[in-house]
Amino acid sequence: MSRQLKTFLKMKTLLKNARELKGLKTREVAQLLGIDQALISKFESGTRKPTREQVVKLASLLEIDLETIMVVWLKEKILYEIGEDEFALKALLVAEEEIRYQSKPSKKKLSTTLQKILDEIDTLKTKLDGFLQFDSYRIAQALELEYTFESNRIEGNTMTLRETDLVINEGLTISGKSMREHLEVINHQEAIAYIKDLMQRNSSINEREVLSIHNLILRGIHPEDAGRYRKVQVMIQGSSHMPPQPFLVAKEMENFFIWYETNKSILHPIVLAAEIHERLVTIHPFIDGNGRTSRLVMNLILLQHGYIIANIKGDYDSRMQYYQALETAQTKNNKEDFLLFIAQMEKESLERYLNIIGQ
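Residues numbered from 1 in each chain as written. Predicted model: local features only at pLDDT ≥ 70, side-chain atom pairs only at ≥ 80, totals over all residues. Heavy atoms only, no water.

1. Some points on the packing of helix H8 (residues 112-129) against helix H17 (residues 336-356)
Packing of H8 against H17 leaves a shortest axis separation of 10 Å and a crossing angle of 25°. Classified by the angle between their axes, H8 and H17 sit roughly parallel to one another. Read as a crossing pair, H8 and H17 show a hand that is left-handed. Seen from H8, the contacting residues are Thr 113, Leu 114, Ile 117, Glu 120, Ile 121, Leu 124, Lys 125, Lys 127 and Leu 128; seen from H17, they are Glu 336, Leu 339, Leu 340, Ala 343, Gln 344, Glu 346, Lys 347, Leu 350, Glu 351, Tyr 353 and Leu 354. By residue class, the composition of the contact of H8 with H17 is 11 nonpolar, 2 polar and 7 charged. (Axes fitted to C-alpha atoms, helices over the stretch in contact; angles between N-to-C directions. Helix = DSSP H or I, 4+ residues; strand = E, 2+ residues; numbered from the N terminus. Parallel < 35°, antiparallel > 145°, perpendicular 65-115°, else oblique. Left-handed = near helix turned anticlockwise from the far one by under 90°. Contact = heavy atoms within 4.5 Å. Nonpolar A, V, L, I, M, F, W, Y, C, P; charged D, E, K, R; others polar.)

Below is the structure:
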């Protein structure tokens, strides 16, 4: 949307038009977001302004571009505060200069080691781009099966790769395996199909999509928690890090999506994907399924940028390296090991794909 059009947009018009386009009533919006219906009506009449948190939720539900709605929201907030003060324009000019100075986006300086592996990855990706049309569906299907197997194995699922194949492709029930393990396999494969659909539609990563991915992961396992933020405190598996208290989860997730929107065009896609994974699993917004959901969101970003699924192995050594890199990022505020780990996983996945097609 052009800057000029954003200038004249009004919050009330933006919200009402988006709601009607979605075919929703104010009552339905209120129920879906947990906001009083009277407030929704006041937002649309212009007699009440939503909070930042409410703006993020409305943008996600009504599929409004976050940048567009945030610019309109901030514009109206500024106008409300300064009105027609005689010094308003001068104050705005000074504020603009200060904001530009303080928040000018800059690319994060990468270590020599990380930059080297990113360059190697992009060389491999360029090579692969010319061969993806050759039997790519069959190869992708096999690699996605392995991804489901490994991602579930990290979380303790005991099914073998062959058993995973039989459940997914033959619809068989494996003797001696629990119903939960069967559902974990089926759900994860459906979640892969979902992120591939999001990739095809070039859907932005927002709260609704993340909750939908999580809903698929826990469907039939914890139906009361599927697609919902946790309401109790938990301990992160394999880490001494304590995630935010339940009442802070929604706020942390709001900041998570704002961080993504701010950095999605600045960071290298591999770094962006790894950061998203680490940030999401550190918030630990769900009672269960955080690891699988974080890896799926990470891989959605990779797919959207033309890379392939980074498959983290579930064997003991790989799992320990994965957990240790995560814990270092969480407790020491040093993400280098984790960024390198994810980059290495993507590089190995690309090399394997090229090896399969004989290149």
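2. A few points about the nonpolar core
By size, the foremost hydrophobic cluster in this structure holds 68 residues, and its most contacted members are Ile 121, Ile 205, Met 253, Ile 276, Leu 296, Ile 312 and Tyr 322. With 25 residues, the next largest nonpolar core counts Leu 9, Met 11, Ala 59 and Ile 69 among its residues. (Core = buried A, V, L, I, M, F, W, Y, C linked by side-chain atoms within 4.5 Å. Buried < 20%, exposed > 50% of the residue type's maximum accessible area, 1.4 Å probe, protein only.)

3. Regarding the packing of aromatic side chains
Aromatic ring pairs are defined here through the distance separating the ring centres and the angle between the ring planes. If you walk through the whole model with that rule in mind, you get 5 aromatic pairs. Ring centres 6.4 Å apart and planes at 25° place the aromatic pair Tyr 322 and Phe 338 in the stacked group. Placement of the pair is Tyr 322 in helix H16 (residues 316-332) and Phe 338 in helix H17, with a sequence separation of 16 residues. The residues Tyr 322 and Phe 338 share a single accessibility class, namely buried. (Phe/Tyr/Trp six-rings, centres within 6.5 Å; stacked < 30°, edge-to-face > 60°.)

4. What about the side chain of Glu 44?
Structurally, Glu 44 is set in helix H4 (residues 37-45). Ignoring sequence-local partners within four residues, the contact set of Glu 44 consists of Lys 12, Leu 15, Lys 16, Arg 19 and Thr 26.

5. Some words on the pattern of salt bridges
Where charged atoms of side chains with opposite charge meet at close range, the side chains can pair. According to the stated counting rule, one finds 25 salt bridges in the structure shown. Put simply, Arg 352 and Glu 146 hold a salt bridge, and the shortest N to O gap is 2.5 Å. Note that Arg 352 is positioned in helix H17 and Glu 146 in helix H9 (residues 136-154), a separation of 206 residues in sequence. According to the relative accessible area criterion, Arg 352 is partly exposed, its value standing at 38%. Glu 275 is the salt-bridge partner of Arg 279, the closest N and O atoms lying 3.1 Å from each other. Of this pair, Arg 279 and Glu 275 both sit in helix H14 (residues 269-283), 4 residues apart, which is roughly one turn of that helix. Under the relative-accessibility criterion, Arg 279 is labelled partly exposed at 27%. (Salt bridge = Lys/Arg side-chain N within 4 Å of Asp/Glu carboxyl O.)

6. Focus on helix H10 (residues 161-170)
What H10 keeps buried is the set Glu 163, Thr 164, Leu 166 and Val 167. Buried residues in H10, looked at end-on, bunch into an arc of 160°, giving them a common side. In H10, the exposed positions that point more than 90 degrees away from the buried face belong to Arg 162 and Glu 170. Those residues of H10 that are buried lie in contact with H9 and helix H11 (179-200). A positive phi of about 70° marks Gly 171, the residue just after H10. (Arc of directions from axis to C-beta.)

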